[in-house]
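Per-entry structural report
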Amino acid sequence: MKSFRFARRSFLAAVGGAVGLRVLLDNMVASAAGATSPPRFLMTHWPVGTVRYLFKPTGTGASYTASKIIQPFIDAGLKDDMSVFYGFTHQPFNSGIGGGHESGTPMMTTGCRVPGTRANGGEHDDGVAGGPSFDQVFLKNVPDLQTPGPGYINAICDARVDSRETSTQCLSYGHATRSIAAADGGNVTEATPLLPELSPLQLYLSLFADFMPGGATDGNQAELLKAVKMRKSVLDYALTELDTLERLAPASEKAKIDSHAAAIRSIETQLQTQIDSGVVTMQGCVAPAKPDAAAVGSMGSKFDYTDDPNNPPMQKASDEALHEQVGNLHMDIIIAAFQCDLRRVATFQWSPGTNHVSFKGQYPGRPDAIYMHHPTSHLVTDGRLSSGSSSPVGTMGDLLQFLGNIQAWYNAKHAALLNKLKVAKDSYGNSLLDHTVVPYVTEVAETTHSRQPLPGFVFGGKALGMTHGSYYNFEGDLRSHNDLWVTVAQAYLGADPLSKLAAEKFEKKNVKPIEGVWKAPA
Amino acid sequence: MAKLSWRRAAAHQMGLLSSVLALTAACGSTGGDGAATPGAGQSAGASAGTSGAAGGSAATGGSSSAAGTGMTDLGPCEGTDVPLHKRVVRLSFNQISNAVTALTDPTLGATIATTYEIGDSLHRTFPPLASAREGSQLTDMSWAKTDKIAADVGKYVLANAATATNCGAAPTAECAKTFVLALAERAFRRPLNDAEKANLGKVLTDVAAAGGTASDQLQYGVYAVLESPHFLYRTELGPDATQAGALTPHEVASQLSFFLTDAPPDAPLLEAAAQGALASAEQIGAHVKRILATPTAKQNLQDAMFSYFGLYGLETVIVDTPDFTPAVRNSMQHESELFLKTNLWSPKLGSLLTARTSTINATLAALYGVPAPTSGLDADGFGAVELPANRAGMLTNLGFLTSRSRPDTPSVVGRGLLVNAALLCAENPAFPEALSSQIAAASAMLSEATEREKSAYRTSTPPCSGCHTGFDPYGLALGNFDSVGRFTATDAKGRPIDASVTLPPNAGGAQVQSATEMADVLAGGGAFAACMAKNVMLYAIAEVPDEGASQQSVSVTGCATQTIASSFSKTGQSFSDLIEQVAISSTLGQRTAGVK
């Protein structure tokens, strides 16, 4: 895989100088130097699985007919940017520890066994990650996905969980591990959770707070560069003092101090790159609009569950308008971060698997009813209904229609976000979606927490070799959910990604890429 | 009736740290099912390794019995009363913002809190670092926030140099350096050693080398101070980090101040630290008394207890009755805040459970069934009233009951679990998913039964009885209070409600006729005091230990808790006394060396 960054640096060396360097980032000059769009990776997630008879398309392969749930992607013009899958399983790495959503989420993103549950002062089902998540795996193993700085951003649109769980409100886990208190006593070693940002405003500030209004110019580059150097001296100082603390404190404090130091060092590499290149802000990179502080989802513990299938838990007002708005704000920031090449790896989560977001009018025959998603899903008590081939009658059928409608809602909003990614061009003039692989996955197969058969989608990355337009059904011969990740890994690592990821912890037994989804680009 | 949902409706979500106390052996015996099913077997697994009696396993450390009048002897304790090793504890975001205020001014502190969406104290997790969004360690994103705050403080001080420093609007390099070093001493909450001063000095020279002016030196010097780990963490290393023993006086000052006020130590504390006068129980106790008299400390601890009891749940709880209007919701929340404000500072901790007065408005008076208050009303229309004899303290407080209500009906089991966890720090068992179909069948069979009859079934039928005897009685005793806390003598079908119960073993097993009698028994027993001791101690130590042995020590039967409970029982037994006992405890004051 050609390293575009290397091309850029050699061009830089050739040109030399200070302020004039910014021209290299002009499209034409960059292309002339042989540089091309870098790859990106965007992991996305939707909550509470699916309803089999409402999800499954008819037919397979390229000529499938979409279901009601999948249709929003077709309507948005994304058929040729999308591959649909049905029939993954978590069983090969299912330790049986932890809750349905609570362990489903780390299993989904890490492909590792959950070794235990976290003592969080609430329920005992908060599964911890047994290894890093695939966004972090790719970030570590694919140099072209790396940018100076932390290299990733994580966003979530709502963070209401049942009972103080971390697992359901986090997709991303790092390679660093730490020992924490386990829910049932003793300790468990977990991969460190990299919690997503809930507030679009905070996400914006984390990336664009220092941007000059109006973007970078010759005049302010020099000033910016001086500020970078001064900031670096502050961070150097902090590292020195952290080092002192580490020498004094017992070994148990090391993980904590190392995590702090790693955060500083990753920013230092970013600053050093800016100092070396003389360029602080990419020409043409303008910060997106600063989000309103009020545009943010909710967080905290919720426990709104009822018993009577005829009376799902009602809200007084629905969350969907805000939920959609927050999703768009987060995506606008991720897109800007990709365009400005501040980050090439991101995760985007709509909500925890125990989704407390409420929706109006999605329940059949009750246009004014406002019900919460996950609490309502638990009124379906028999998994055979949600994983059956046809609609049950009566209340159960209505509840499942509600769940299918919610999934269709999410897909429609997700399609709109993907279209933003599709029309957005990077500084090389290419569509971001073509250079970004976007898996879209869920943490349970259906509402009663089955680990299979799981649905999944992959969007984008066509310039990286992903080929789309088909529906793949392997529910008769279930495939490890890790097959989805290694399929995607080909876009970054080429054929035989498993050998390049041999040192990573995810379960590899019987794992292989799904045939036909990736083809080496010419 | 009961399926997955009642578990969800239980108290687990509150800002509580349930102890790691093993379940009673009786509760663990769910037959073969529990152990066989992964996930559902968690509670069975936890109890498998323990011996029978409610109250814990064989003592591994010192023995401590709860002496004093009316206290149940809880027997030998687990672990040690020095469970913490040397550590560095990060300041929470709220503490950082309060420190910024203390170092600069309230305007900047407020701006920081708003810009970085640092949540207010009523909504915090208990204790704050236990929240996933705070955490005990900084990672890329949370560090980035502290970094931006530090940078903002630097910018602010420069922009306001004329008032924030004595260097005037255009500082000289020398004045900048003097200011930065003086700021560092205040920010680090202790004097700097020579190396630390030199390291900060180097920042200033590096800034100059990069082309920075004296103004830049001031800005980036201040930025460095707030970026420093010596600001962001408080240490608990003692004078010799390799030797077990006491914290340094300055470390004591920081620990104490952040515990009581969520803010850095004030001048008298720092002065005492400088004099080495923060070592004995008398010395520390005097500062505790002094600080507890301040509104800041009172408000902080009230808010902490508000978050402990999960009363913020009122904001979002759904109760499906038209009587639960937004005005009612807001009134309940305000009443709960005022309840804590009044009763935390009363002569007895037990008042939390027994107080019969409350400060309410006309809206709430209607729900309590009393005349609206007419005199001594505050600006919000709230005034003190005497509640009816069927009310007692937190247990029958409208907000406390309603914050945990299920949308459709109050839950005996839900309330039982709540009392068990919140007031007695007992471990609630996980819902036995393996028994779901049996539970559904029983619910169908009992659909026309009274709550009492349903509970009688649960507490007499194995395997249900194994768990339900441990908490159902608390919920039954509260059976007269509906979803919004109104007293009702009969249920929805007009059948009289009988609230008499035999309390479970962990509350002493007495027979009581009503919620108020139950409140009296709980207030007088040792379990409630031990539970409050445990929680105040956890709040004070901020970062809950993550090692198995240490966790046991800070559980409700652990030696750390029991030692404090025991010494508390010899005081006047107010909440302030409890705070003081925690503050002077060896748990707070001593550290083991830890593994190097």
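This structure is a prediction, so every number in the text was calculated from the model and none was measured. (Residues numbered from 1 in each chain as written. Chains lettered and ligands numbered in written order. Predicted model: local features only at pLDDT ≥ 70, side-chain atom pairs only at ≥ 80, totals over all residues. Heavy atoms only, no water.)

Concerning the overall build of chain A
- Regarding its fold elements, chain A presents 15 helices and 14 strands.
- A globule of 522 residues ought to have a C-alpha radius of gyration of about 24 Å, and chain A, at 23 Å, matches this closely.
- Across its three principal directions, the C-alpha atoms of chain A cover 75 × 55 × 45 Å.
- Buried positions account for 65% of the 522 residues belonging to chain A.
- In chain A, 77% of the contacts between residues at least 6 apart in sequence involve partners at least 24 apart.
- For chain A, the computed accessible surface area is about 16700 Å², with 54% contributed by carbon and sulfur atoms.
- Taken as two groups, the 45 positive and 50 negative side-chain charges of chain A have centres that lie 5 Å from each other. (Helix = DSSP H or I, 4+ residues; strand = E, 2+ residues; numbered from the N terminus. Rg over C-alpha atoms; globule rule 2.2 N^0.38 Å. Buried < 20%, exposed > 50% of the residue type's maximum accessible area, 1.4 Å probe, protein only. Contact = heavy atoms within 4.5 Å. Areas by Shrake-Rupley, 256 points an atom, 1.4 Å probe, with all protein chains shown as cover. Lys, Arg positive; Asp, Glu negative; His and termini not counted. Charge placed at Lys NZ, Arg CZ, Asp CG, Glu CD.)

Let's talk about the overall build of chain B
- A count of helical and extended segments in chain B gives 31 helices and 8 strands.
- In chain B, which comprises 596 residues, the proportion classed as buried is 58%.
- A separation of at least 24 residues holds for 72% of the contacts in chain B among residues at least 6 apart in sequence.
- For chain B, the computed accessible surface area is about 20700 Å², with 57% contributed by carbon and sulfur atoms.

Brief notes about the interface of chain B and chain A
- Tallying the contact residues gives 84 residues for chain B and 89 residues for chain A.
- For the pair chain B and chain A, the summed buried surface comes to about 7200 Å²; carbon and sulfur atoms form 56% of the total.
- Counting across the interface, chain B meets chain A through 3 salt bridges.
- We note a salt bridge from B:E543 to A:K256, for which the minimum N-O separation is 2.9 Å.
- Along the contact surface separating chain B from chain A lie 27 residue pairs in polar contact (both at pLDDT 80 or more).
- Examining the composition of the side of chain B that touches chain A, we find that 7 residues originate from one element, helix α7 (residues 140–159) of chain B, more than from any other.
- Taken together, the residues of the side of chain B that touches chain A sort by class into 36 nonpolar, 24 polar and 24 charged. (Buried area = accessible area lost by both parts, 1.4 Å probe. Salt bridge = Lys/Arg side-chain N within 4 Å of Asp/Glu carboxyl O. Polar contact = N/O pair within 3.5 Å; in protein donor to acceptor, adjacent residues only side chain to side chain. Nonpolar A, V, L, I, M, F, W, Y, C, P; charged D, E, K, R; others polar.)

Remarks on empty space enclosed by the protein
All names here are of chain B.
- Under the counting rule described, the total for this entry stands at 12 cavities of 30 Å³ or more.
- In this structure, the largest cavity encloses a volume near 140 Å³.
- Taken together, 15 residues make up the lining of the largest cavity; nearest its centre are Q95, F258, D262, Y539 and A542.
- Mapped onto the lining of the largest cavity, the elements with two or more residues apiece are β1 (87–90), α13 (249–261) and α27 (526–541).
- Broken down by element, the residue count for the lining of the largest cavity peaks at 3 residues, all from α13. (1 Å grid on protein atoms, 1.4 Å probe; cavity = no way out; pocket = protein on both sides within 12 Å on 5 of 7 lines; lining within 4 Å. Points joined across faces, edges and corners; volume = space filled by probe spheres on them.)

Some thoughts on the state of the cysteines
Residue and element names in this part refer to chain B.
- Taken as a whole, this structure holds 3 disulfides over all chains when the rule is applied.
- Bridging C167 to C175, the disulfide has an S-S length of 2.0 Å. An S-S torsion of about -95 degrees defines the bridge between C167 and C175 as left-handed. Residues C167 and C175 agree in their burial class; the two are buried. (Disulfide = S-S within 2.5 Å.)

What about the packing of aromatic side chains?
Residues and elements named next belong to chain A.
- Scanning the model with the defined rule gives 39 aromatic pairs over all chains in all.
- When the ring of F85 is compared with that of F88, the centres are 5.8 Å apart and the planes differ by 50 degrees; the resulting orientation is tilted. Judged on exposure class, the residue F85 and its partner F88 are both buried.
- Ring plane angle 55 degrees and centroid distance 4.8 Å describe the contact between F134 and F506, whose orientation is recorded as tilted. You can see F134 sitting in helix α6 (residues 134–141) and its partner F506 sitting in the segment after α15 (497–500), a full 372 residues away along the chain. (Phe/Tyr/Trp six-rings, centres within 6.5 Å; stacked < 30°, edge-to-face > 60°.)

Re the packing of α13(B) against helix α15 (residues 281–292) of chain B
Residues and elements named next belong to chain B.
- Between α13 and α15, the shortest axis-to-axis distance is 11 Å and the interhelical angle comes to 30 degrees. Relative to α15, the element α13 lies roughly parallel. In the packing of α13 onto α15, the handedness of the crossing is right-handed. Contacts between α13 and α15 pair V252, L256, L260 and T261 from the former with I284, H287, V288, I291 and L292 from the latter.
- Classifying every residue of the contact of α13 with α15 gives 7 nonpolar, 2 polar and no charged. (Axes fitted to C-alpha atoms, helices over the stretch in contact; angles between N-to-C directions. Parallel < 35°, antiparallel > 145°, perpendicular 65-115°, else oblique. Left-handed = near helix turned anticlockwise from the far one by under 90°.)

Some points on helix α9 (residues 254–277) of chain A
- An ideal rise of 1.5 Å per residue puts 34 Å on 24 residues; α9(A) measures up with 34 Å between its terminal C-alpha atoms.
- A:G278, located one to two residues past α9(A), shows a positive phi value of around 75 degrees. (Expected span 1.5 Å × (residues − 1).)

Let's talk about the confidence of the model for chain B
- Averaged over every residue, the pLDDT of chain B is 86; the share at 70 or more is 87%.
- With a pTM of 0.89, the predicted complex shows an ipTM of 0.89. (pLDDT = per-residue confidence, 0-100.)

Re the pattern of salt bridges
Residue and element names in this part refer to chain A.
- Going through the model one piece at a time under the given rule, you end up with 43 salt bridges over all chains.
- R118 serves as the salt-bridge partner of E190, at 2.8 Å between the closest nitrogen and oxygen. Note that E190 is positioned in strand β6 (residues 187–193) and R118 in the loop between α5 (100–110) and α6, a separation of 72 residues in sequence. The burial state of E190 is the same as that of R118; both residues are buried.
- R384 serves as the salt-bridge partner of D382, at 2.9 Å between the closest nitrogen and oxygen.
- The class of D382 is partly exposed, set by a relative accessible area of 23%.

Focus: the nonpolar core
- One finds A:F457 and B:L226 to be the most contacted residues of the largest nonpolar core, which totals 134 residues.
- Counting residues per element, this core draws most heavily on helix α13 (residues 394–423) of chain A, which supplies 12 residues.
- Counting 88 residues, the second largest nonpolar core, distinct from the first, contains B:A272, B:A273, B:L352 and B:F481. (Core = buried A, V, L, I, M, F, W, Y, C linked by side-chain atoms within 4.5 Å.)

Considerations on the side chain of A:R160
Residues and elements named next belong to chain A.
- Tracing the sequence through the fold places R160 in strand β4 (residues 159–161).
- A distance of 3.0 Å separates the side chain of R160 from the side chain of D158, its partner in a polar contact.
- At a separation of 2.9 Å, a polar atom in the side chain of R160 contacts the side chain of D319.
- For R160, the residues in contact, after removing those within four places along its chain, are S298, M299, G300, K302, Q315, D319, P352, T354, H356 and V357.

Side note on the pairing of strand β3 (residues 152–156) of chain A
Residues and elements named next belong to chain A.
- Buried residues dominate β3, accounting for 5 of its 5 residues.
- Sheet topology note: the β3/strand β8 (residues 345–349) ladder contains 5 bridges and is parallel. Considered in β8, the bridge of A155 is made with F348. (Pairing = 2+ DSSP bridges.)

A few points about the side chain of A:E190
Residue and element names in this part refer to chain A.
- Using a relative accessible area of 0% as the deciding quantity, one classes E190 as buried.
- In this structure the side chain of E190 is engaged in a polar contact, spanning 2.8 Å, whose partner is the side chain of R118.
- Within the local environment of E190, its side chain forms a polar contact with the side chain of R178, the two groups lying 2.8 Å apart.
- Setting aside residues no more than four positions away along its own chain, E190 makes contact with R118, V128, A129, A176, T177, R178 and I180.

Remarks on unusual backbone geometry
- Residue B:P127 is reached from B:F126 by a cis peptide bond, and omega for that bond is -15 degrees.
- In this fold, B:P127 is placed in the loop between α6 (106–115) and α7.
- The step from B:P462 to B:P463 runs through a cis peptide bond, and the omega angle for that step is 0 degrees.
- Notably, A:R164 is not glycine yet its phi reads approximately 65 degrees, a positive angle.
- Checked against the element boundaries, A:R164 lands in the loop between β4 and β5 (173–181).
- For A:R164, a relative accessible area of 10% gives the class buried.
- At A:D341, a residue that is not glycine, the phi angle is positive and equals roughly 55 degrees.

Description of the pairing of strand β2 (residues 233–236) of chain B
Residues and elements named next belong to chain B.
- Of the two faces of β2, the one carrying Y233 and T235 and the one carrying R234 and E236 are both buried.
- Bridge count between β1 and β2: 4 bridges; the pairing is antiparallel. Across the sheet, the residue bridging to R87 is E236, located in β2.

Thoughts on the packing of helix α16 (residues 295–308) of chain B against helix α17 (residues 326–343) of chain B
Residues and elements named next belong to chain B.
- For the pair α16 and α17, the least separation of the axes is 9 Å and the interaxial angle reads 125 degrees. Classified by the interaxial angle, the pair formed by α16 and α17 is oblique. For the crossing formed where α16 meets α17, the hand is right-handed. Contacts from Q302, M305 and F306 in α16 reach Q333, S336, E337, L340 and K341 in α17.
- By residue class, the composition of the contact of α16 with α17 is 3 nonpolar, 3 polar and 2 charged.

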